[in-house]
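Each chain, written out:
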Amino acid sequence: MLWIASRLTRKFSTSSIYYQNKLKLALIGQSLFGQEVYSQLRKDGHKIVGVFTVPDKDGKADPLATAAEKDGTPVFKFPRWRVKGKPIPEVVDAYKSVGAELNVLPFCSQFIPMNVIDNPKHGSIIYHPSLLPRHRGASAINWTLIHGDKRAGFSIFWADDGLDTGPLLLQKECSVEPSDTVDTLYNRFLFPEGIKGMVEAVQLIADGKAPRVPQPQEGATYEGIQKKSNAKISWDMSASAIHNWIRGHDKVPGAWTVINGQAVTLYGSSLFDAPVPSGQPLEIEGAPRPGLITNNGLVLFGSDGNALVVRNLQFDDGKMIPAAKYFSTGETNTLTLTEEEMKTAEQIKVIWKGILSNVPKIEDSTDFFKSGAASMDVVRLVEEIKEKCNGLQLQNEDVYMATTYEEFIQMVVRKLRGEDKEEEIIIDHVTKNVNNLTVKMPYQCFINGRFVDSENGKKYDTVNPTDGSVICKVSYASVADVDKAVAAAKDAFETGPWGSMNARDRGRLLYKLADLMEEHQEELATIESIDSGAVYTLALKTHVGMSVQTFRYFAGWCDKIQGTTIPINQARPNHNLTFTKKEPLGVCAIVIPWNYPLMMLAWKSAACLAAGNTLVLKPAQVTPLTALKFAELSIRAGIPKGVINIVPGSGGLVGQRMSEHPDIRKLGFTGSTPIGKQIMKSCAVSNLKKVSLELGGKSPLIIFNDCDLDKAVRMGMGAVYFNKGENCIAAGRLFVEESVHDEFVRRVVEEIKKMRIGDPLERSTDHGPQNHKAHLEKLLEYCEIGKKEGATLVYGGRQVPRPGFFMEPTVFTDVEDHMYIAKEESFGPVMVISKFKDGDVEGVLQRANDTEFGLASGVFTRDIGKAMFVSERLEAGTVFINTYNKTDVAAPFGGFKQSGFGKDLGEEALHEYLRTKAVTVEY
């Protein structure tokens, strides 16, 4: 499919014949899918002569109609095409008036009359979300899952007078994952690839290359639209079949069963292939054995004895709860209290009566808050119970989760019995004695507060770049693991304590997490050194030290996120108040690079969590270990389960799934520009999720002849060789004024020769190994290109002859503007020096800005006026004057141009993870 798109693009840009093969199209359909097809067809040069869609609903036009009306395309909103089976003449005449050569029907039904279908020169083509002839009819996606098909896909076919029976023009298919739902299958493949398929099909027709392949009768099926009455679960099926039944009906109409005499709808099913945990039995009408309410959800059993787990339950009144909380909702299974517990209940009733003095009598149904209690009363209630009930510990959140007296007593009794205690977290570590420490490293995925193997059981090696040895095997997350992590984060945000937590309590937890990171700083820095090659002393100060500072800084912001009041034009005698609220976005995804594994995690996740979001984070595949250790510390800090999820694995699989996932509302990415562009595209097509990108750089550093040359040499070396050159803001090109050029180069080479290259754990080491083998090979190739293009290799350019991935610090001079090494980032210890004429400030600025990147920049001069002039003209998100690499947690950081957009650090970073809601009140 990508090859086809590439081929079509080349034809579009080079072939005059391609421009000639365009059609006049009528689009008949609706929805966002129809809008995207419409937009792409117009973009490709086809003329849309008419759009036929549905009437406005509640004064709001369909997305397809909105787009077409904005473009001035004729739009027709017919409520129907037929009456009593016969075409409406006026409607048909209006259609024929546009003069279409082809009808394009995204998701259109059989209600279009045949004299419309057959009218155009090329007839009509229809998109259908199944691999026809299988699953004809409107519920094709549902039945693909219900039947447990291993392959899904879509068909584009020529319309005839049957129901989805016309000849095939084009088909595309994909695999069905065990965790797929209707939504994930649609958003992952059927929507984005279906749009491309429709556009490709139209072009094939325009070019006279469109096939007409008769549909075979073998394998043809037709299943009707499912109704709620038909969606009841049959318990004589295997666990796999029940899972397919539930996910095939999720979200509409919802598969259901009977529990305690009432219909309960089940959502969020997944197969359970691990040992079944202990839980509370739950009788289910017709089931071969009781279900189990566990911390994972409701575990159900098929007729084959295998298990599945359901995440959410919905009752007849519409109330939906996490299945794990079934017995704590007050819906069923009321506890019978012992005599001692009855005495405790009476003590609590007296406390309630003392607080709710306006209530004549405390009944089981008395609601604490509806009776007038406020937040101060919550504190009073918690403290009085602690004082009068043998020190029973409650949290404020406990009161908010059990608001009626009956629910509250049930919750208290469960706490007294110890039923509410979380299972002890079991962490399987890899232990190594290194750097005079015993370091303990988790290696599994971290999902919903637990370390677990990836669903498919795959693992990969993470390698120590100092000697190429394997540190350990790390779980290799799958798409199913990402979906579980997102579901956990969504539950934590919507129903867990994090979403309702007081902002100061949230800050308290983040402060505690920062304290634990500081307490474990030597262990974290050691892990960072062996996993990424960072020099230990640098890892201790920067990789870990700045991470701790970042969490402390954003912990302080938690209770300072504020909106504003806005004076608006008031219509008397009414009074109006308008104010804004800053709200968290929900589930956020974060994808971080391998050069500063822990620090990049902190820069993004601290702001994300401080704003009140939950997160799913993918560490770089080659450096996952400090992220997983961070996850362990988050447990010990008391961060609620599901708030933080870590899924190590490949960017192409895990990162891509994150960018496509419909429940993720924001994605923050640090990495290369090409991958950033792909992520942005996927985020837009999936659900238009918010994006912030910190991408590639080629940061210019300008050194004028009136600078402090000793400082410029020292800082210039740091600008290039800091963290082995694996630094996003590294000075990618130095412009040195002609009169000091030779002396600058001489001093740099002199200082390089003093640098100690070696084991990053040795305290005297200045320069450690490159992060991984493939990166070292890329750097060596980069140097070879520089030599071939005619740049002068003054020093280095070779691999150090020792085990591991070590490279010599390198210096190139005589670098001309057109050269590869002048334009492309090395992301390694390669100093690229270009000379500029004395006094040519305008010229050097033009050369410095002649790049598509704009992350950072620097200037060295004693002339403050010149420095300020240059800083104003440099096109970069950060400008350093007479210093370099001076970042701070309070200063916003981010790029211009193709170095990305959005900010990390500082107050501005918070706004990347918040949305603004305006509220107007009339009084």
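Residues numbered from 1 in each chain as written. Predicted model: local features only at pLDDT ≥ 70, side-chain atom pairs only at ≥ 80, totals over all residues. Heavy atoms only, no water.

1. Remarks on the overall build of the protein chain
Right, on to step 1. Secondary structure assignment for the protein chain yields 29 helices and 40 strands.
Right, on to step 2. Taking 2.2 N^0.38 as the reference for a compact globule, 923 residues should give roughly 29 Å; the C-alpha atoms of the protein chain span a radius of gyration of 32 Å, in line with that estimate.
Right, on to step 3. When each of the 923 residues of the protein chain is scored for burial, the buried share is 56%.
Right, on to step 4. Accessible surface computed for the protein chain: about 39600 Å², of which carbon and sulfur atoms make up 51%. (Helix = DSSP H or I, 4+ residues; strand = E, 2+ residues; numbered from the N terminus. Rg over C-alpha atoms; globule rule 2.2 N^0.38 Å. Buried < 20%, exposed > 50% of the residue type's maximum accessible area, 1.4 Å probe, protein only. Areas by Shrake-Rupley, 256 points an atom, 1.4 Å probe, with all protein chains shown as cover.)

2. Structural notes on the environment of Phe-554
Right, on to step 1. As for its placement among the helices and strands, Phe-554 is situated in helix 18 (residues 536–555).
Right, on to step 2. With residues near it in sequence (within four places) discarded, Phe-554 still touches Ala-606, Ala-607, Ala-610, Leu-905, Gly-906, Ala-909 and Leu-910. (Contact = heavy atoms within 4.5 Å.)

3. Description of the sheet that holds strand 2 (residues 47–53)
Right, on to step 1. Sheet architecture is open: 7 strands sit in the order 3-2-1-6-7-8-9, paired in mixed fashion. The open sheet has two edge strands with one neighbour each: strand 3 (75–77) and strand 9 (168–175). Ignoring which end each strand starts from, the neighbouring axes of this sheet average 15° apart.
Right, on to step 2. Taken together, the 7 bridges between strand 8 (residues 151–158) and strand 9 define a ladder with antiparallel strand orientation. Bridge assignment links Ser-155 to a residue of strand 9, and that residue is Gln-171. (Pairing = 2+ DSSP bridges. Axes fitted to C-alpha atoms, helices over the stretch in contact; angles between N-to-C directions.)

4. Things to note about the sheet that holds strand 32 (residues 792–795)
Right, on to step 1. Taken in spatial order, the 7 strands of this open sheet run 32-33-34-31-30-36-37, and their pairing is mixed. Each edge of the open sheet carries a strand with a single partner, namely strand 32 and strand 37 (878–881). Strand-to-strand twist in this sheet, taken as the mean axis angle between neighbours without regard to direction, amounts to 25°.
Right, on to step 2. Where helix 24 (residues 738–752) meets the sheet, it contacts strand 30 (699–703), strand 31 (731–737), strand 32, strand 33 (810–813) and strand 34 (830–836), and its direction lies at approximately 130° from that of strand 31.
Right, on to step 3. Each of strand 32, strand 33 and strand 34 touches helix 25 (residues 773–788); the most contacted strand, strand 33, lies at about 25° to it.

5. Observations regarding helix 3 (residues 31–43)
Given 3.6 residues to a turn, an α-helix orients residues that are three or four positions apart in the same direction.
Right, on to step 1. When the terminal C-alpha atoms of helix 3 are compared, their 19 Å separation across 13 residues agrees well with the 18 Å that a helix rising 1.5 Å per residue should span.
Right, on to step 2. Those residues of helix 3 that fall on the buried side of the exposure criterion are Phe-33, Gly-34, Gln-35, Val-37, Tyr-38 and Leu-41.
Right, on to step 3. If you follow the buried residues of helix 3, they end up packed against strand 1 (24–28), strand 2, helix 4 (63–71), strand 6 (102–106), strand 7 (124–128) and helix 8 (182–206).
Right, on to step 4. Within two residues after helix 3, Gly-45 carries a phi angle of roughly 100°, on the positive side. (Expected span 1.5 Å × (residues − 1).)

6. Notes on the pattern of salt bridges
Right, on to step 1. Scanning all chains against the criterion turns up 43 salt bridges.
Right, on to step 2. With a closest N to O distance of 3.2 Å, Arg-42 and Asp-71 form a salt bridge. Of the two residues, Arg-42 sits in helix 3 while Asp-71 sits in helix 4, which places them 29 residues apart along the sequence.
Right, on to step 3. Take Asp-71: its relative accessible area is 37%, and that puts it in the partly exposed class.
Right, on to step 4. A salt bridge links Glu-173 to Arg-151; the shortest N-O distance between them is 3.0 Å. In this pair, Glu-173 is assigned in strand 9 and Arg-151 in strand 8, connecting sequence segments 22 residues apart.
Right, on to step 5. Using a relative accessible area of 39% as the deciding quantity, one classes Arg-151 as partly exposed.
Right, on to step 6. Three or more residues are tied together by salt bridges with common partners; here these are Asp-710, Glu-743, Arg-746, Arg-747 and Glu-750. (Salt bridge = Lys/Arg side-chain N within 4 Å of Asp/Glu carboxyl O.)

7. Some details on the environment of Thr-265
Right, on to step 1. Positionally, Thr-265 belongs in strand 11 (residues 262–272).
Right, on to step 2. Looking at Thr-265, the relative accessible area reads 6%, which means it is buried.
Right, on to step 3. Considered as a pair, Thr-265 and Leu-910 are 645 residues apart in the sequence and their alpha carbons are 38 Å apart.
Right, on to step 4. With residues up to four places along the chain from it excluded, the contact list for Thr-265 reads Lys-228, Gly-254, Ala-255, Trp-256, Asn-312, Leu-313 and Gln-314.
Right, on to step 5. One polar contact links Thr-265 to Lys-228, side chain to side chain, over a distance of 2.8 Å. (Polar contact = N/O pair within 3.5 Å; in protein donor to acceptor, adjacent residues only side chain to side chain.)

These figures capture arrangement, not role.
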